[in-house]
Amino acid sequence: MTSKHMRRAAHGSAGTGASATIGGLAALVLATGGAMADEPQHGGTLNVILDPEPPMLILGINQQAPTQKVAGKIYESLLRYDFDLEPMPSLAREWDISDDGMTYTFHLQEGVTWHDGEPFTAHDVVFTATEFLPETHPRAGSNFRHVESVEAPDDHTVVFELDTPYPAFILAFEVASFPIMPAHIYEGTDFNDNEMNDQPIGTGPFVFDSWSRGDVIRLARNDDYWQEGLPYLDGINFRMVPDAASRALALESGDLDMSSFNNIEPFDVPRLEELPHLEVITDGYEIAAPLAWIEINHRVEPLDDPRFRQAMLYALDREFIRDNIFMGLGRIPTGPINSVTVEYSDNVHIYEHDPERAVELMEEMGLEPDDDGNYAEVELLPLPYGETFTRLSEYISETLGDVGIDVTLRSTDSAGWADRVANWNYELTKNFVYQYGDPALGVSRTYVCDNIREGVLFSNTMGYCNERVDELFAAAATENDPDERAAMYEEVQQILVDELPVIWLLEMEFPTIVNTRVQNATTTAIGVADTFADTWIRE
Amino acid sequence: MAWLSLFLVRRLLKAAGILFVIVLINFALIRAAPGDPATVMAGEAGAGDAEYVERLRERFGLNEPLHTQMFVYVTNVFQGDLGFSYRQNQPVMGLILERLPATLLLTVTAFVFALAMGILLGTLAAANVGRWSDTAITTLALISYATPLFWLGLMLILLFSVQLGWLPSFGYESTGRDYEGLARALDVGRHLVLPVLTLGLFYMAVYTRLARSSILEVHEMDFVKTARSKGVSERNVMVRHILRNALLPVITFAGFQAGHLIGGSILVETVFAWPGIGRLAFDALIQRDYQVLLGVFVVTSVLVLAFNIVTDLIYTLIDPRIEVS
């Protein structure tokens, strides 16, 4: 916790070193941790803020954050992850990874049924991995790129055979990456147009009840849930509140119990935190691990020169950004990998705030100031994600202006932003990208040459290309030896930090703001998108 | 009643023509905006995969040439089919019909409130011109006129929901209570108070000022003096002679503003999380959900056209000298 006013929620920690066959141990530790704090009570309905409204609740087809928040209670995956990203059992009760790192065997829970009463079996898992997700999931292609076969030797065992060791694979089983879909409903149909798509059927602790568009989505307790005695809650209401100020007021008045991600603007957080009935939690975003940066189009002069990009970074005071724009929420990044995920190294060049060095670098490049004292002119496309990012744009424009980089702001809405960035029609913009726990899943895609793809968002839109970086990312992703892998990731972080393909601004922390009557609001690395099976309300 | 049906037929034909042009212009305008629903959805998913985006475009029918899409759309609209929202996996007509009652309840209540209060306050102010009550009413009207809607809404929430705890701060009704009949109507009514005040106060101010000046103008006319001199009571002069004439400009203006009211409801629906079509339209715009946005435009255009016809009919009731033709 970098920020002193953030509190951890009461929960057990389940971090153990071994990666294979942990089985039910983690769940046990977690359960006793909760019980020691207080005796959970059954009953009550949780009121959760949801914004924006999700397009649908079929998690296999749509994985936006709001969809995950609701559908994460309806669907389940094979694994869950604790705050240190160690796997915990979910629909898989045990799992083994062979020593060569190429065979993953999952032993499934017995006695699990779908919400319509059909039994859940290994066939559902095979169907999801081989037929459903490859057609519908934007990340399935890369998550499963090394999978050679998926087989079910019996009803409660699933075996994934890989064509090469791929250590990141163990992190690809959280519920938004791998939601298990019911084969008996989808097999042989057009997944996108299935008539059951407005009636999500999962195995999770809550069942879909009703959706009044623009108003509320209601989930009810699954009385036949496979974990005896769970869930504690009778139901969950997800309320759509489209205005950020109104959301803050609804938490303040106690009408709603919980906000998450960027529901509440950072500048409202200190005020809400003062209130005795609200608590701010920053755990539960370790899978997302968002990293915010200035994205730079290397096709435009002088942005193609690493010295110019370094000059921009020296000119910016990232601590000021963290403390005054994000109100203390976040950490100053040292490089491309978020420090809460695996393979992070701080053995890199550290850029301190040094405006004079910025000017020196530009003079070294041979740039000369014009009559207004400007060395260069650049255009910044602000990220249209609310007031905080608008303030950030204004700060960047002011601060770069101070060292002689004249910034023009060019505003657009989110569709226009996506269109321009994906098609390389920008100079500078801001972006924040999720890392999904492992560099092979969420980091390398931003920097490797073969991901320079016109028209595709969250690819290498900068046009940065260094073959050594590509080699290292490719080799590290399939390296089974942890030490060698760490060495390769360290080298790639050093290269990227020296060449600065983008300017990393902030390892963002999202505030989960919860009414203190709610217990166990976040217990895993996906926080509010988790099942809420062990969440309860103290009356 | 032959004149009435002739009037209606002519106005409806004209309205259909206007609607056709509106649909064409809207279609072209929306497509001129950068980005499409597939890029937006890829952006929201936080992941890009070229094949995935291409598959979305194909499903949404965005691969057809633009003029084909336009032809198909316009033909469908005039057959009563507003299309399908692939983003929400629902027919557009269903989405709109589900949300329309909430918007109508909000805007009609706000309209009636604004009109009734506006005429009442305007009349009171005119009757007491120059006295303190006149000054109080004109000041109130000025403040209501000058305050931005969203700010007023937030301040009302802060006062009545957070501080006093009298009224709910957002939503259409309480969830989880499952009220029936009268209890439900009361519950919705409580949720309706703040949004209606927020939306209605601005228009109330407009009508107050308009009614006041119009009454003062008519007040000096010869027929009013005549009425007075023949001994008609002051109250009757005001209601039967002055108001009847003074209200015509107010009605004209109110007819115009029916359309504005739906525009204003976008803001109010956002601040109060009111599940109406104003928000549906706003979300559809942000998400480039073309079919939904066009559908909302079609429905609101129809409403405004219908409202204008009704306004013209109301004229003849208030002033028999005006004939529909």
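In this text, all values refer to a predicted model and were calculated from it rather than measured experimentally. (Residues numbered from 1 in each chain as written. Chains lettered and ligands numbered in written order. Predicted model: local features only at pLDDT ≥ 70, side-chain atom pairs only at ≥ 80, totals over all residues. Heavy atoms only, no water.)

J.: Just to check I follow, could you spell out the domain arrangement of chain A for this structure?
T.: Accessible area lost upon the coming together of the parts serves often as the stated size of an interface. Residues and elements named next belong to chain A. As assigned here, chain A comprises domain 1 (3–34 + 75–199) and domain 2 (291–508). Domain 1 and domain 2 are separated by 33 Å when their C-alpha centres are compared. Between domain 1 and domain 2, the contact holds 18 residues from the first and 16 residues from the second. Of the roughly 1,300 Å² buried between domain 1 and domain 2 on both sides combined, carbon and sulfur atoms contribute 61%. Linking domain 1 to domain 2 there are four residue pairs in polar contact (both at pLDDT 80 or more). (Domains from an automatic or database assignment. Contact = heavy atoms within 4.5 Å. Buried area = accessible area lost by both parts, 1.4 Å probe. Polar contact = N/O pair within 3.5 Å; in protein donor to acceptor, adjacent residues only side chain to side chain.)

J.: Would you explain the pattern of salt bridges in this entry?
T.: Oppositely charged side chains may form a pair once their charged atoms are brought near each other. Residue and element names in this part refer to chain A. Considering all chains together, one arrives at 26 salt bridges over all chains under this definition. Where Arg322 meets Asp323, a salt bridge forms, and the shortest distance between an N and an O atom there is 2.7 Å. Asp323 sits in the partly exposed class, given a relative accessible area of 37%. Here Arg468 ties to Glu471 by a salt bridge, and the two come within 3.0 Å at their closest N and O atoms. Placement of the pair is Arg468 and Glu471 together in helix α15 (residues 467–477), with a separation of three residues, close to one helical turn. On the basis of relative accessibility, which here comes to 34%, the residue Arg468 falls in the partly exposed class. (Salt bridge = Lys/Arg side-chain N within 4 Å of Asp/Glu carboxyl O. Buried < 20%, exposed > 50% of the residue type's maximum accessible area, 1.4 Å probe, protein only. Helix = DSSP H or I, 4+ residues; strand = E, 2+ residues; numbered from the N terminus.)

J.: Any chance you could explain the nonpolar core here in plain terms?
T.: Across soluble globular proteins, nonpolar side chains show a tendency to be buried alongside one another. Within the largest apolar cluster, 159 residues are counted, with the highest numbers of intra-cluster contacts made by Leu78, Phe106, Phe160, Phe178, Ile217 and Tyr447 of chain A. The greatest single-element share of this core, amounting to seven residues, is contributed by helix α3 (residues 122–136) of chain A. Each of domain 1 (3–34 + 75–199) and domain 2 (291–508) of chain A contributes no fewer than three residues to this core. Core analysis: the second largest hydrophobic core is formed by 48 residues, Val188, Val196, Ile242 and Val250 of chain B among them. (Core = buried A, V, L, I, M, F, W, Y, C linked by side-chain atoms within 4.5 Å.)

J.: Can you help me understand the interface of chain A and chain B in this one?
T.: Taken together, the contact between chain A and chain B spans 47 residues of the former and 44 residues of the latter. Carbon and sulfur atoms make up 53% of the surface buried where chain A meets chain B, a total of about 3,900 Å² over both sides. The tally of links from chain A across to chain B stands at one salt bridge. For the interface between chain A and chain B, the tally reads five residue pairs in polar contact (both at pLDDT 80 or more). Elements supplying a minimum of two residues to the side of chain A that touches chain B: α3, β8 (206–212), β9 (216–221), β10 (235–240), α6 (244–252) and α12 (414–422) of chain A. Of the residues contributing to the side of chain A that touches chain B, the split by class is 20 nonpolar, 12 polar and 15 charged. (Nonpolar A, V, L, I, M, F, W, Y, C, P; charged D, E, K, R; others polar.)

J.: Whenever I open this one, the packing of helix α8 (residues 181–219) of chain B against helix α10 (residues 234–271) of chain B confuses me. Can you help?
T.: Working note: a packed helix pair is described by the angle between its axes plus the distance between those axes. Residues and elements named next belong to chain B. At a minimum axis distance of 9 Å, the contact between α8 and α10 shows a crossing angle of 155°. Taken together, the axis directions place α8 and α10 in an arrangement best described as roughly antiparallel. Considering how the two elements wind past one another, α8 and α10 form a crossing that is right-handed. Classifying every residue of the contact of α8 with α10 gives 19 nonpolar, eight polar and no charged. (Axes fitted to C-alpha atoms, helices over the stretch in contact; angles between N-to-C directions. Parallel < 35°, antiparallel > 145°, perpendicular 65-115°, else oblique. Left-handed = near helix turned anticlockwise from the far one by under 90°.)

J.: So what exactly am I meant to see when it comes to the pairing of β8 of chain A here?
T.: Two faces, one strand: in a regular strand the side chains alternate between the faces of the sheet. All names here are of chain A. As paired elements, β8 and β9 share six bridges and run antiparallel to each other. Its bridge partner lying in β9, Phe208 is registered against Leu219. Count of turn residues in the β8/β9 antiparallel hairpin: three residues, of which Gly214 carries a positive phi of about 80°. (Pairing = 2+ DSSP bridges.)

J.: I tried to follow the packing of aromatic side chains on my own but got confused; where do I start?
T.: Any pair of aromatic rings gets described here by the distance separating the centres and the angle formed by the planes. Counted by the stated rule, this structure contains 40 aromatic pairs over all chains. The interplanar angle of 45° and the centroid separation of 5.5 Å between the aromatic rings of Phe144 of chain A and Phe178 of chain A together place this pair among those described as tilted. Here the residue Phe144 of chain A occupies a position in the loop between α4 (140–143) and β6 (147–154), and Phe178 of chain A occupies one in the loop between β7 (157–162) and α5 (183–186), the gap between them amounting to 34 residues. By relative accessible area, Phe144 of chain A is classed as buried at 12%. Judged by its relative accessible area of 0%, Phe178 of chain A is buried. Seen in terms of ring centroids, Phe160 of chain A and Phe173 of chain A are 5.4 Å apart; in terms of plane orientation they differ by 70°. Their pairing is edge-to-face. Remark: Phe173 of chain A occurs in the loop between β7 and α5 and Phe160 of chain A occurs in strand β7; sequence separation between them is 13 residues. On the basis of relative accessibility, which here comes to 0%, the residue Phe173 of chain A falls in the buried class. Connected via pairs of aromatic rings, a cluster forms that spans Phe261, Tyr285, Phe326, Tyr385, Phe389, Phe432, Tyr434, Tyr436 and Phe510 of chain A. Geometry around Tyr436 of chain A places Arg139 of chain A over its ring, the cationic atom sitting 3.7 Å from the centre. Seen from the ring of Tyr290 of chain B, Arg31 of chain B lies directly overhead, with NZ or CZ sitting 4.1 Å from the centre. (Phe/Tyr/Trp six-rings, centres within 6.5 Å; stacked < 30°, edge-to-face > 60°. Lys NZ or Arg CZ within 6 Å of the ring centre and 35° of its normal.)

J.: When you look at the sheet that holds β6 of chain A in this model, what are you seeing that I'm missing?
T.: Backbone-to-backbone hydrogen bonds join strands into a sheet, with any given pair of strands oriented parallel or antiparallel. Residue and element names in this part refer to chain A. Judged by pairing direction, the sheet is antiparallel, and its four strands sit side by side in the order β4-β5-β7-β6 without closing on themselves. If you trace the sheet from one side to the other, it starts and ends with β4 (92–97) and β6, each paired once. Here the strands of the sheet are splayed against their neighbours by 15° on average, with no regard to which way each runs. One ladder, built from five bridges, connects β4 with strand β5 (residues 103–108); its direction is antiparallel. Within β5, the position partnered with Glu94 by the bridge is His107. Contacting β5, β6 and β7, α3 crosses the sheet at an angle of about 165° to β6.

J.: Can you walk me through the environment of Met117 of chain B in this structure?
T.: Residues and elements named next belong to chain B. Within the element layout of this structure, Met117 appears in helix α5 (residues 92–127). When the C-alpha atoms of Met117 and Val23 are compared, they prove to be 36 Å apart, with 94 residues separating the residues in sequence. Setting aside its immediate chain neighbours within four residues, Met117 contacts Met204 and Thr208.

J.: Would you mind going over a nonpolar patch on the surface with me for this structure?
T.: Residues and elements named next belong to chain B. Residues Phe20, Val21, Ile25, Leu29 and Phe78 make up a contiguous nonpolar surface patch of roughly 470 Å² in combined accessible area. At four residues, the largest contribution of residues to the nonpolar patch is made by helix α1 (residues 2–32). Within the secondary structure, Phe20 is located in helix α1. Judged by relative accessible area, Phe20 falls into the partly exposed class, the value being 38%. (Patch = residues over 30% accessible without salt bridge, like charges linked within 9 Å, V, L, I, M, F, W, Y side chains within 5 Å. Areas by Shrake-Rupley, 256 points an atom, 1.4 Å probe, with all protein chains shown as cover.)

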